[in-house]
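# Structural features, examined
Spelled out, the chains give:
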Amino acid sequence: MKQTLLNFENLRGDFPMLKKTMHGKPLIYFDSGATTQKPQVVIDTLSDFYRNHYGTVHRAVYELATHSTTEFQNVRFQVATLINAAKPEEIVFTRGTTESINTVAYSFGKGFIRPGDEILITEMEHHSNIVPWQLLCEDRGAVLKVAPMNERGELIMEEFTKLLNSKTKLVAVTYMANSLGTINPIKEIAALAHEAGAKILVDGAQSTPHMPIDVQDLDIDFYAFSGHKIYGPTGVGVLYGKEELLNAMPPYQGGGDMIDTVTFEKSSYNDLPLKFEAGTPMIAEVIGLGAAISYITEIGLENIQAWEHELLLHATERLKEVKGLKMIGTAAKKGGIISFAIDGIHPLDIGTLLDLRGVAVRTGFHCAQPAVRRFSETGTTRLSFGLYNNKSEIDHFVTALQEVVRLLK
Ligand code: PMP
């Protein structure tokens, strides 16, 4: 463990942003749940691509274009390996988790959802795993059902199971809740969904950066995540879908690349995955995502998970020292996310005064209003860890928080 600790302390040096100061204080960045900082290797890869190799993909025979196409397609293989997809054709590049979920809501919805069908989500979802289903239900005359959680922020499995029935066509659930840190028993949920004849989409925005993922072992039908939360660029994400499902679904958007032949009377569509990738894709961002995947896989997702668990335990323990602090989200299985409220103090004030001390935290509802409102009407203060955080940052943060609480009380 000592070796792991030593290595992780060193990794901070890979991130240029973490050498910055904020308001004259060293930056302590605790908002990786929103977006992660970028290692030098990702920044260099983007810069090298734009300086030395930039060209389009899929369309031309000249060297730059063929090089770009090869690099771009290699990342598809990398993503397939990262999440253990059966084939690279099951990997669709999107702009992020939000677009991946909207793609399924539109295309699976158009292909398979009929009036009276049900979509089952949970009370702890991010807005991007709520609103696309609401839009779909309004459009198709379907019904949205919500499985509740308990006081610790855990899904109540008996209630979830009761809500599953022959009308349930899709279960859409987060692997790790961004506001509470809860890790859901996805394998069990997938088995229950399939038993009821439903498909399952897993929102992997928070799980992908923090733990190994095996979509085949979990037996999930769709998996969505964002590049910018796994140390890669913004504007790129992934939709994984089982081949037979993606093949059976109509395309999401029309345009270049997603077609086979086009006439004014009728067009036919390209094979997977291009059927779901209309238009010139985010070429540089995909290549930057490849660099990020190499970076995290070299460190090892198991190691990242173990390190962040240590940080979670340390912070949970240390925060007991802060008077009037209430943890929000105390699930038995949690990732590196801590949400809390302090009696009589608005989270916005806490966030503002922490910023002046160099600490970046998120405050409010974290794009999960129903989940957070259930516990606090004013929202929470949230710490979310990345692989570059360490225990001394947590200690500095606790001292800063004590100071802030003294000032505000
Ligand atoms: N789901 C969860 C659980 C998230 O945490 C986020 C990002 N906060 C999203 C979905 C949306 O991701 P993006 O904004 O990158 O599309």
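Use the structure listed above.
Reference entry: report on the structure contained in this document. Computed from a predicted model, the values in this text were never measured in an experiment.

How each quantity is defined
Residues numbered from 1 in each chain as written. Predicted model: local features only at pLDDT ≥ 70, side-chain atom pairs only at ≥ 80, totals over all residues. Heavy atoms only, no water. Near = heavy atom within 4 Å. Polar contact = N/O pair within 3.5 Å; in protein donor to acceptor, adjacent residues only side chain to side chain. Areas by Shrake-Rupley, 256 points an atom, 1.4 Å probe, with all protein chains shown as cover. Nonpolar A, V, L, I, M, F, W, Y, C, P; charged D, E, K, R; others polar. Phe/Tyr/Trp six-rings, centres within 6.5 Å; stacked < 30°, edge-to-face > 60°. Buried < 20%, exposed > 50% of the residue type's maximum accessible area, 1.4 Å probe, protein only. Lys NZ or Arg CZ within 6 Å of the ring centre and 35° of its normal. Helix = DSSP H or I, 4+ residues; strand = E, 2+ residues; numbered from the N terminus. Arc of directions from axis to C-beta. Contact = heavy atoms within 4.5 Å. Pairing = 2+ DSSP bridges. Axes fitted to C-alpha atoms, helices over the stretch in contact; angles between N-to-C directions. Core = buried A, V, L, I, M, F, W, Y, C linked by side-chain atoms within 4.5 Å. Domains from an automatic or database assignment.

## Topic: the site of the ligand
Residues in contact with the ligand, as listed here, are T97, T98, H126, S128, T174, N178, D203, A205, Q206, S226, H228 and K229. In the environment of the ligand, an oxygen atom lies 2.6 Å from a nitrogen or oxygen atom belonging to the side chain of Q206. Out of a free accessible area of 400 Å², the ligand has 86% covered by protein chains. The residue inventory of the shell around the ligand, partitioned by class, reads 1 nonpolar, 9 polar and 2 charged.

## Some words on the packing of aromatic side chains
Given two aromatic rings, their pairing is described by the distance between the two centres and the angle made by the two planes. With the rule as written, the count across this model stands at 16 aromatic pairs. Here the aromatic rings of F49 and Y50 are separated by 6.1 Å at their centres, their planes lie at 50°, and the arrangement is tilted. By relative accessible area, Y50 is classed as partly exposed at 47%. Centre to centre, the rings of F49 and Y54 are 5.5 Å apart; their planes meet at 75°, and the pair counts as edge-to-face. Assessed through its relative accessible area of 43%, Y54 is described here as partly exposed. Members of the aromatic cluster, joined through ring pairs, are F15, Y29, Y231, Y295 and Y388. The ring of F365 carries the charged tip of R373 above its face, separated from the ring centre by 4.6 Å.

## Description of helix 5 (residues 131–140)
Taken together, the buried positions of helix 5 are occupied by P132, W133, L136 and C137. The buried residues of helix 5 occupy an angular sector of 135° when projected down its axis, which confines them to one face. Residues of helix 5 that are exposed and point more than 90 degrees away from the buried face comprise E138 and D139. For helix 5, the elements touching its buried residues are helix 4 (97–112), strand 5 (118–122), strand 6 (143–147), strand 7 (168–174) and strand 8 (199–203). Following helix 5 by one or two positions, G141 adopts a phi angle in the positive range, close to 70°.

## Points about the sheet that holds strand 10 (residues 237–241)
On the basis of which strands lie adjacent, the open sheet formed by 7 strands has the order 4-10-9-8-7-5-6 and mixed pairing. Lying at the two open borders of the sheet, with one neighbouring strand each, are strand 4 (91–94) and strand 6. Neighbour to neighbour, the strand axes of the sheet diverge by 20° on average, direction disregarded. Sheet topology places strand 5 next to strand 6; 5 bridges connect them, and they run parallel. The partner of E118 across the bridge, within strand 6, is V143. The sheet contacts of helix 3 (residues 63–83) involve strand 4, strand 9 (222–226) and strand 10, and relative to strand 4 the element is tilted by about 115°.

## Regarding the nonpolar core
Ranked by size, the top nonpolar core spans 98 residues in total, and within it F397 and L401 carry the most contacts. Top contributing element to this core by residue count: helix 10 (residues 283–299), with 9 residues. When residues of this core are assigned to domains, at least three fall in each of domain 1 (5–38 + 301–408) and domain 2 (43–297). Those residues within four positions of F397 in sequence are excluded, and the remaining contacts are F30, L319, F340, L354, V359, V361 and L383.

## Things to note about the environment of I28
Following the sequence through the fold, I28 ends up in strand 3 (residues 28–29). Overall, the relative accessible area of 9% leaves I28 in the buried class. Spatially, the C-alpha atom of I28 lies 9.9 Å from that of L354, the residues being 326 residues apart in sequence. With residues up to four places along the chain from it excluded, the contact list for I28 reads G358, V359, A360, E393 and H396.

## Topic: the sheet that holds strand 17 (residues 380–384)
Read from one edge of the open sheet, 4 strands run 13-14-17-16, paired in antiparallel fashion. The open sheet has two edge strands with one neighbour each: strand 13 (325–328) and strand 16 (362–364). When the angles between neighbouring strand axes are averaged without regard to direction, this sheet yields 30°. Here 4 bridges tie strand 13 to strand 14 (residues 337–342), and the two strands are oriented antiparallel to one another. The partner of I328 across the bridge, within strand 14, is S339. Against the sheet, helix 12 (residues 347–356) touches strand 14, strand 16 and strand 17, its axis set at about 160° to strand 16. Across the face of the sheet, helix 14 (residues 391–408) comes into contact with strand 13, strand 14 and strand 17 while running at roughly 15° to strand 14.

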